[in-house]
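The chain contents come next:
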Amino acid sequence: MINRIFAWLTDGAHWQGYDGIAARLIEHLGYSLIAVLVAALIAIPLGLYIGHTGHGRFLVVNLAGAARAIPSLGLLLLAVLWLGPRFNGDIAFLLPAGLVLVVLAIPPILSGAYAGVEGVDPDARDAAKGMGMGGSQVLRHVELPCALPLIMSGIRAGTMQVIATATIAAVVGLGGLGRFLIDGLAVRDTPQTASGAILVALLALSVDMVLAMVQALIVSRGLTGRYKRVKTFDPDAGVTPPAPALQHVA
Amino acid sequence: MIRFDSVSKHYPDGTKAVDELTFEAPTGQITVLVGPSGCGKTTSLRMINRMIEPSGGRIWIDDQDTSTMDETELRRGIGYVIQHAGLFPHRTIVANIATVPRLLGWNRARAEARALELLERVGLPAGFARRYPAQLSGGEQQRVGVARALAADPPVMLMDEPFSAVDPVVREQLQDEFLRLQGDLGKTIVFVTHDIDEAIKLGDRVAVLRAGGHLAQLADPAYLLAHPVDDFVADFLGKDRGYRALSFQGSPAFSLTQEQTVPLGATPAQAAGAARDGWVLVVDASRRPLGWIESGRVKSPIKPEMLHRGGTVATVGGPLRNVLDAALSSPSRRGVMVDDEGAFVGTIRAHEVLAEIEERARPELEDQEARA
Ligand SMILES: Nc1ncnc2c1ncn2[C@@H]1O[C@H](COP(=O)(O)OP(=O)(O)O)[C@@H](O)[C@H]1O
Ligand SMILES: [Mg+2]
């Protein structure tokens, strides 16, 4: 079995053409990234705003709860049935599918951004205000950089969800790696089905690795605790005379 | 000078955190607001830089009504230090300290140079510059907090329990260094604490507040200890007031008793030869006292770990309290006195210090009204 999957995956012919692995991979990645990007453009500013002002906290909490309960396939079919007839051509499938992906990616990114700002040390925020920073300066100089680790976790979680769900999007004709699963199932071509699943997993893993690297680059070491091990020179070490047994009251 | 003119803060829930508070914090001095938890100290302090808006009254800084000033400008001219420092965890120490200069538009090089200068000023090694706050102890973070507040050289400093969260030994160090720093800088400081000992030690003037932000008494520490205005202030000041008041009285030129001393490594015979009443003082090469030792117990050349621990040392001319404490804490009953360089000059006994105290006029009893 494993040999057959390996054979399928390494067959050069399967990689070429408009419906080859390479094209599907790029399709899948493209949809996913666009969906995450759009979701991030909505969710990050909204999350920062809610975290900074405290207005609309309930939105984050409820949205995060609701998101866990949404069956993505159901939502997708619903969106296609509802929106599909209103548009013509490719857009009839692209728009509802894209919309669903965006909707799914928003909650984790939103809660990440919100929780990140919410979790900023109140003393640091207080000190920032006390030294004369205005609201937007506090956000830019303190809250956003301190929230970055959680914002990135939100983006990574959202991305994983989108890459997984984009697989289902093949059902409504969106293309991407999901095609191999669907086509494989339709003709009982198990190696093809399994290969599709493996490719999705590999894509998800690689994208997450790239995002982890981005995270390591943009998050301050002061927050992650990954300090350069600097051997600091302590001028007092070894020079201190033996302490007198008597204590000098100044 | 900072002047509170019938300042009140009433919260919507009916809490009167501060009620009609009137007092002055003179320029170049440390004014301490002290009182039990919840009495309105923080609220009073934060109304100065308008982190909290007063609901009544006016606060003046050098004859400018703070309510008419631009909030940002007001705060840039006021250094603000809080209990847990509130350092920015994502910024290096040097970047933390340089924050306000950068906000004021200084270029990076100038702001960093200033930050490094302040790092040294507050007693931290230059090697800390590129570290992050999480790599520092609480006491070190607090020093950085002070440095950050001083960065743009504001004339006014507000400090809210800046040393409360560190252990007692470090706290004392920070207090001593704070006083030294203030000696150089002469800022107008309002300092909040719930610790009366800290208030007495640091304050040029101490304002004791009671619940509801009412001023119970405002006086210099010596006067406060001698003349608590009511039971509340007396209770709050605590016991040992007579003893603690000696901190504010310098000592005269006592005639000290000369002592024969021995160096480390002295033999049992040398120790026995130098001892008086069974005890001998061990000094180092610069004649700085190291500790007492009982000559009868010296069986081998004297090593540091054989010395008696627990005695204190007082400086000639220093506060009477220190001189008395040196005598009271000494295992030989002879208090060790040193000169300004820390070199041993002689010993004094408790009854000699007490005789001096008994003979003294009580200056703090005079002109009460003038000092109140
Ligand atoms: N936002 C607020 N709403 C209502 N009451 C408050 C608020 N902030 C502080 N208080 C109350 O005001 C009083 C003074 O508080 P605070 O100035 O922080 O006291 P302190 O610093 O002396 O411990 C307390 O009783 C506190 O509970
Ligand atoms: Mg307080």
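It should be emphasised that the depicted structure is a prediction, and the values quoted were computed from it without experimental measurement.

(A) How the structure looks around the overall build of chain A. For chain A, the count of helices and strands is eleven helices and one strand. A globule of 250 residues ought to have a C-alpha radius of gyration of about 18 Å, yet chain A, at 25 Å, is considerably larger. Viewed in the frame of its principal axes, chain A has a C-alpha envelope of about 90 × 45 × 25 Å. Residues classed as buried in chain A amount to 41% of the 250 residues present. Sequence separation of at least 24 residues holds for 73% of the intrachain contacts in chain A that already meet a minimum separation of 6. Only carbon and sulfur atoms are counted for the fraction: they give 68% of the accessible area of chain A, which is about 13400 Å². The centroid of the 16 positive side-chain charges in chain A is displaced by 2 Å from the centroid of its 14 negative side-chain charges.

(B) Here's a closer look at the sheet that holds strand β12 (residues 279-283) of chain B. Residue and element names in this part refer to chain B. Spatially, β11-β12-β13 is the arrangement adopted by the three strands of the open sheet, whose pairing is mixed. Edge positions in the sheet fall to β11 (261-263) and β13 (289-294), since each has one partner strand and no second. Across this sheet, the average inter-strand angle for adjacent strands is 40°, counted without regard to direction. Across five bridges, β12 lies against β13 in antiparallel orientation. Of the residues in β13, the one forming a bridge with Val 282 is Gly 291.

(C) How the structure looks around the interface of chain B and chain A. The interface of chain B with chain A comprises 43 residues on the first partner and 29 residues on the second. Taken together, both faces of the contact between chain B and chain A bury some 3100 Å²; the carbon and sulfur share is 61%. Remark: the boundary between chain B and chain A carries one salt bridge. In this assembly, chain B and chain A are joined by eight residue pairs in polar contact (both at pLDDT 80 or more). Put simply, the parts of the chain that give the side of chain B that touches chain A at least two residues each are α2 (71-76), β6 (78-81), α4 (99-103), β13, β14 (312-315) and β15 (335-338) of chain B. Of the residues belonging to the side of chain B that touches chain A, the class tally is 21 nonpolar, 15 polar and seven charged.

(D) Representation of the domain arrangement of chain B in the model. Residue and element names in this part refer to chain B. One can read the domain layout of chain B as domain 1 (2-248) and domain 2 (261-355). On a C-alpha basis, the centroid separation for the pair domain 1 and domain 2 is 39 Å. On the domain 2 side, the residues contacting the four residues of domain 1 number five residues. Taken together, the two surfaces of domain 1 and domain 2 that pack against each other cover about 500 Å², and 60% of this comes from carbon and sulfur. On the domain 1 side of the interface with domain 2, the three residues burying the most area are Tyr 243, Leu 246 and Ser 247, jointly 92% of the side's total. Along the contact surface separating domain 1 from domain 2 lie zero salt bridges. Counting every contact that joins domain 1 to domain 2 gives three residue pairs in polar contact (both at pLDDT 80 or more).

(E) Just the site of ligand 1, in detail. All names here are of chain B. Neighbouring ligand 1 are the residues Tyr 11, Asp 13, Thr 15, Ala 17, Ser 37, Gly 38, Cys 39, Gly 40, Lys 41, Thr 42 and Thr 43. Between a nitrogen atom of ligand 1 and a side-chain N or O atom of Tyr 11, the distance comes to 3.4 Å. At 3.0 Å, a backbone N or O of Gly 40 approaches an oxygen atom of ligand 1. Bound to the protein, ligand 1 loses 61% of the 570 Å² it would expose on its own.

Reading the values: rules and limits
Residues numbered from 1 in each chain as written. Chains lettered and ligands numbered in written order. Predicted model: local features only at pLDDT ≥ 70, side-chain atom pairs only at ≥ 80, totals over all residues. Heavy atoms only, no water. Helix = DSSP H or I, 4+ residues; strand = E, 2+ residues; numbered from the N terminus. Rg over C-alpha atoms; globule rule 2.2 N^0.38 Å. Buried < 20%, exposed > 50% of the residue type's maximum accessible area, 1.4 Å probe, protein only. Contact = heavy atoms within 4.5 Å. Areas by Shrake-Rupley, 256 points an atom, 1.4 Å probe, with all protein chains shown as cover. Lys, Arg positive; Asp, Glu negative; His and termini not counted. Charge placed at Lys NZ, Arg CZ, Asp CG, Glu CD. Pairing = 2+ DSSP bridges. Axes fitted to C-alpha atoms, helices over the stretch in contact; angles between N-to-C directions. Buried area = accessible area lost by both parts, 1.4 Å probe. Salt bridge = Lys/Arg side-chain N within 4 Å of Asp/Glu carboxyl O. Polar contact = N/O pair within 3.5 Å; in protein donor to acceptor, adjacent residues only side chain to side chain. Nonpolar A, V, L, I, M, F, W, Y, C, P; charged D, E, K, R; others polar. Domains from an automatic or database assignment. Near = heavy atom within 4 Å.

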